[in-house]
Every structure is written in C-alpha cells, then in structure tokens.
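Structural overview
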Amino acid sequence: MIGSIAPSVALRGIGSIVGVGETDYGEDYAAWRAGGPDYVGPSVEEFAERSFSRALEDCGLERDDVDGLISTLDYGAVGVETIAKALSVQPRFSDSAGSMAGIVANAVTALAGGRADTVAVLYASRSRGSGRQFGGDTYVGADRSSYYYYHPWGWSAQAAHWALMFRYYQETYGATEADLGSVAVELRQHALRNPNAIMQKPLSIDEYLASRYIVRPLHLFDLCIPNDGSVCLILRRTDEANDLRHIPVAVAGWADVEVTESKMHHMVKERLRTQLQAAGRGALEMAGVSLADVQHFEGYDASTIHLINQIEGYGFVEPGQGLAFCQDGQMDVGGRLPTNISGGLLSEAYMHGWNHLAEAARQLRHEAGDRQILDVTTTLFSLTTTESSHPLVLRRADA
Amino acid sequence: MQRCKDCGHVQWPPVPDACERCELAVLEWERLSGTGQIVSWCTFERSYYPDLPVPWDTILVELEEGPLFISNPDGFTNEEVRINMPVRVTFVDCEDETGRFRLPAFEPVGPTGPKNQKGAQDETASTA
C-alpha cells in the first residue's frame, strides 16, 4: 500500500470552500442532444469562465482576489496558463492535475503555507465534444489507456471493470440485477429534486432491466453519463472566510491510499476494501470524527456497483448488505446515509466528482432547499478509482 | 510468469524488473501449471472495436499460483460458466499485423466441465 494514510492533523480545517460555481448540466446536455451531428457547443474556456464567474458571484469576491489557480481539465484539456489567461487571472500559485486525487489537499496546503490567499480550483470537461470513448483502443493524452494490457482478449472498457466486480458480488452474495438496479433508481429520484441535473425523468426497475447491456451483467443505467461542463470551487484559509456570503465549508480531513500489486484481486475480490478501510480511517482521524458522525456521503458513482463498493468498504454497512441498504431507503434524505443527493455521476452529471463537492458544500451550508439533509454538519466525499481511494471529510465551519 | 525469489509473489501483467509486492529485483521466470478456476466473467455487448461484432465473452481466471488472469473461454460460453469452475490454459493460434502469436485462452477441465455438470443435474432430477 502506498499513499498518505494519516496526514497531518495540523491541517485539519485550515482551509474552507467559500465559493461554488457550476455550469448548466441539463440545459447544455439537452442542447447537445438536439443539436445534431454538426453541433459544436461551448469550448473548455467558455465552460470554465461560466463556472468561475458563478463561483466568484457565489462568494462575493473579485477576479483580482484570486491569486491561486489549480486547473484539472479532462478530454480537450489546455494548460493552466491558458486557463489563467482565459479567466483573466494572474495567480502567484498555480498547478494543474489530471485526476481529482489530492487537488483539494494541494489547495489547502498552499493556503496554509501562504502561497496564496484565494485559490480557485477549476474542473472542466469536454468528453462528449472530444469524442472520448471509454474502451477499445484509446489514448488519454499521449498515453495508452490502462485498458491496453488486455486488448488481446478484447477486455477493454471501463465498464468491464465494474462488470467483473458485480458478477463476483452476485456469486458471493446472491444479488440480482434488479437489486443493483435499485441504486440507479434511487439516484434518479435524487436527480429529480435537482433542476440542474441531466436526468429529469424517473427510472423504474423494469426500465432499468429492459435497458441494453453494455458489458453484461451491467446495463446502460449502471454507468455514468459522459457530458461536458465545468465546476469551480474557491477556497480560502478558514480564518479569512467568515465575512463572505455563506458559512465556510471546512476541509477537515483527507487521505490517499493506493494498492500497487495484485490489482485484479483487490478490485474484483476485495472490491477495494483494503484501500477504502485504510483511507477512510486516515481521513476520519485527520478530521477528528468517527464514521458514525458522518451524516452525508458523496461517492464517486462511475457505476452503481462502485458506489456500493465504497459504502461497504468504508464500513457504513457490512459487505454484501449495501443493496438491501439502498432498497430500504437508507440512501435517501432521512435515511441513515443520504448519498449523492443531487443525483451523482449516474443522474446529475459526469463532472468526475466535482459536482459531488458542489452538493456537499450546498448541503453543509444548509442551502439545498427541498433536498436538504436536516442539520447536517459532516460529509464524507469519496473519490475511488479501480486501485486507489481518496476520501475528503468536509464540515460546517461552526460544527 | 515471473516469481519473486524473495516473497514468492507471481507477477501478472509482467513487470520490467522489480517485484510489485516487495519491490526487490529478484524475479525468475517460472513455468506454471496452466490450471485455475473462473472467479468472474463478463460479456461485451457494446462494441468498443469497430471490426469486432458483439457479443464476446471474457473470463477472469484465478491461477493455481495466485495471479488473476483475464482471458476468453475456449470451447464454452459464459452461459455455461459456474463460479470456481476449473479450467486449464490452451493456446489459440492467432495472427495480426505484427505476425503470428499464440493467445492463452482457457478450456474446461475434465469431468467437472460444464456439459457433465448439467448432465449430472438432469440425472438427479429424473430419479427424484
């Protein structure tokens, strides 16, 4: 195992999210669908400008206040310098990253060290616009995608990772496809309370089962929806975050754990439990809270089964109990663990985890309207890949 | 496959020099038994390769020596797979633009192969 398993408690709550901006996921997706084969849509820079200006408006800061910038752009990426120019900012601290892992920690660490006073973290993606395919003979930038190793056997798709996990889960716990479908149905219900979500129609178990297989046993609705858009978060040191428009949302803890051997074993048979247990403990310890204190979970739902992997792996329920937990309503507002309340990657938008953080901030500010979790103070956010776990603990600044 | 002489771990996919578990560079190529059990499987129904018509089956085999091996079933389909079904490697002659090669696939092993399993169940039902 490698990574940062027990990061410094000295950084607990030092930085806070003060501003959030998102693009119009539902509207932009509908425009793409209606636009026909020649539809171009906004550029990465245009998406970035939208979320950035909305984040500034959200916290009441000016463009000139932003002296730190971290860009994380997928598929159609441009460099951080290009984005800085496009946004008319001149950061004294800047960085770029391909994956979400470690970015918020990087922003907090920069703030703690005085390298910047106001950091904008900017995510944007044009996976639709750049024609990205999540399988086959594909490249990400100049590197072959990780699916490359198994081309000779035609095993090459992101969906195939989740498919192997679920088949093993079925054999181990006796779960049916309809059981798994309950997760897709649940998250769709959550999206219906979110006018910005792409999916605005309910999903029934019958529709789920009737939907085509992508990589059997996984159906279309087990997988997230690629779309184009942007999310911007603005962070400040918590002690300089109190006179802005919303209560600060403090970054209380984080951890990053990767397992670098026997990937297939840890992925299919353990379903990442090794990483999730270690990273979960580390992030909670840094934050000074227990698992029982977590009232809200925002987990990386690239697929339905992967969301359940995380809920089970962190220990919210025992392995094999996750689907019953969902069917029992425990993942809804009012349940034991409200999860992906704005609809997640499965039904809101595929902003690679950034839309989850936007929802976490809204919930912790107590500004989530009719999907508000009552009195929530502590959220666990989880980015988990096929080999690593990167949780963040967020808390209301007055918790 | 490469086995680490220090910790015993067998590497798959292959590694350039250091053991992926203990990181020592004491690897030795070892001939394996070729046997294992199927622990998971999935069928591609969405085409990711323009020239390859769907569906096609893939399996995940836990080799006796430890590694999990992605492959294809040879002589049977995913419809007939059972968890922990014993299999043995077989090499399929293939050719692509780089030349000829032999692709490891897996065939069922002996009397517990899928057809015999099904037959045994039918016999039990008819005498019940």
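Residues numbered from 1 in each chain as written. Chains lettered and ligands numbered in written order. Predicted model: local features only at pLDDT ≥ 70, side-chain atom pairs only at ≥ 80, totals over all residues.

1. Comments concerning the environment of Q170 of chain A
Residue and element names in this part refer to chain A. Where we set the bar: Secondary structure is summarised from DSSP: a helix means a run of H or I of at least four residues, a strand means a run of E of at least two, and numbering begins at the N terminus for each. We call two residues in contact if the C-beta atoms placed from their backbones are at most 7 Å apart.
One can find Q170 in helix 5 (residues 158-173). For the pair Q170 and L180, spaced 10 residues apart in sequence, the C-alpha to C-alpha distance is 9.6 Å. Residue contacts for Q170: discarding those within four places in its chain leaves A175 and P217.

2. Looking at the interface of chain B and chain A
Buried accessible area, meaning the area lost when the parts come together, often serves as the stated size of an interface. To keep it simple, the criterion reads: Between any two strands, at least two bridges found by DSSP are needed for them to pair.
Facing the 23 residues of chain B at the interface are 28 residues of chain A. Elements supplying a minimum of two residues to the side of chain B that touches chain A: strand 4 (35-44), strand 5 (56-63) and strand 6 (68-71) of chain B. The greatest single-element share of the side of chain B that touches chain A, amounting to six residues, is contributed by strand 4 of chain B. Bridge analysis of strand 8 (residues 213-216) of chain A against strand 4 of chain B gives two bridges, and the strand direction is antiparallel. Its bridge partner lying in strand 4 of chain B, V215 of chain A is registered against F44 of chain B.

3. Notes on the packing of helix 5 of chain A against helix 10 (residues 304-313) of chain A
Residues and elements named next belong to chain A. In plain terms, the rule: The convention used is that axes are lines fitted to C-alpha atoms, helices contributing only their stretch in contact, and that angles between N-to-C directions extend from 0 to 180 degrees. It is the rotation of the near helix from the far one that decides the hand of a crossing: anticlockwise by less than a right angle makes it left-handed, clockwise makes it right-handed. Under the scheme applied here, ten amino acids are nonpolar (Ala, Val, Leu, Ile, Met, Phe, Trp, Tyr, Cys and Pro), four are charged (Asp, Glu, Lys and Arg), and all others, including Gly, are polar.
Relative to each other, helix 5 and helix 10 sit at 65°, their axes nearing to 9 Å. Judged by the twist between their axes, the crossing of helix 5 over helix 10 is left-handed. Across the interface between the two elements, W162, M165, F166 and Y169 of helix 5 pack against I305, H306 and N309 of helix 10. Broken down by class, the residue content of the contact of helix 5 with helix 10 amounts to five nonpolar, two polar and no charged.

4. Structural notes on the pairing of strand 11 (residues 249-254) of chain A
Working note: regular strand, side chains alternate between the two faces of the sheet. Residue and element names in this part refer to chain A. Note the cut-off: Three exposure classes are used, based on other C-beta atoms lying within 10 Å of a residue's own C-beta, which is placed from the backbone: buried for 20 or more, exposed for 12 or fewer, and partly exposed in between.
Here strand 11 lies mainly inside the structure; six of its six residues are buried. The sheet contact formed by strand 2 (residues 15-22) and strand 11 spans two bridges and is antiparallel. Its bridge partner being in strand 11, I17 is matched across the sheet by V249. For strand 11 and strand 15 (residues 388-396), the ladder comprises five bridges, and the chain directions are antiparallel.

5. What about the sheet that holds strand 2 (residues 10-11) of chain B?
All names here are of chain B. Strand order in the open sheet formed by three strands is 2-1-3, with antiparallel pairing between adjacent strands. Of all the strands in the sheet, just strand 2 and strand 3 (27-29) have a single pairing partner and so form its edges. Sheet topology places strand 1 (residues 2-4) next to strand 3; three bridges connect them, and they run antiparallel. Paired with Q2 across the two strands is W29, which belongs to strand 3.

6. Points about helix 4 (residues 103-112) of chain A
All names here are of chain A. Burial analysis of helix 4 places seven of its 10 residues in the buried class, the great majority of the element. All of the buried residues along helix 4 are I103, V104, A105, A107, V108, A110 and L111. After helix 4 finishes, the residue G114 shows a positive phi value of roughly 75°.

7. Some remarks on the confidence of the model for chain B
Residue and element names in this part refer to chain B. Selection rule: One confidence number per residue, pLDDT, is output by the predictor and ranges from 0 to 100.
Looking at chain B, pLDDT values average 88 and 86% of them are 70 or higher. Per-residue pLDDT stays below 50 along residues 112-128; that stretch engages in eight contacts with residues further than four places along the chain or on separate chains. What the predictor reports for the complex is a pTM of 0.93 with an ipTM of 0.92.

8. Some words on the pairing of strand 5 of chain B
Residues and elements named next belong to chain B. With seven of eight residues buried, strand 5 lies mostly within the body of the structure. Relative to strand 5, strand 4 runs antiparallel, the two sharing eight bridges. Counted as the bridge partner of I38 is V61 from strand 5. Pairing analysis gives four bridges linking strand 5 to strand 6, with the strands arranged antiparallel. Among the inter-strand pairings, L60 is bridged to a residue of strand 6, identified as I70. Once strand 5 ends, the chain turns through four residues before running back antiparallel as strand 6, passing G66 with a positive phi of about 125°.

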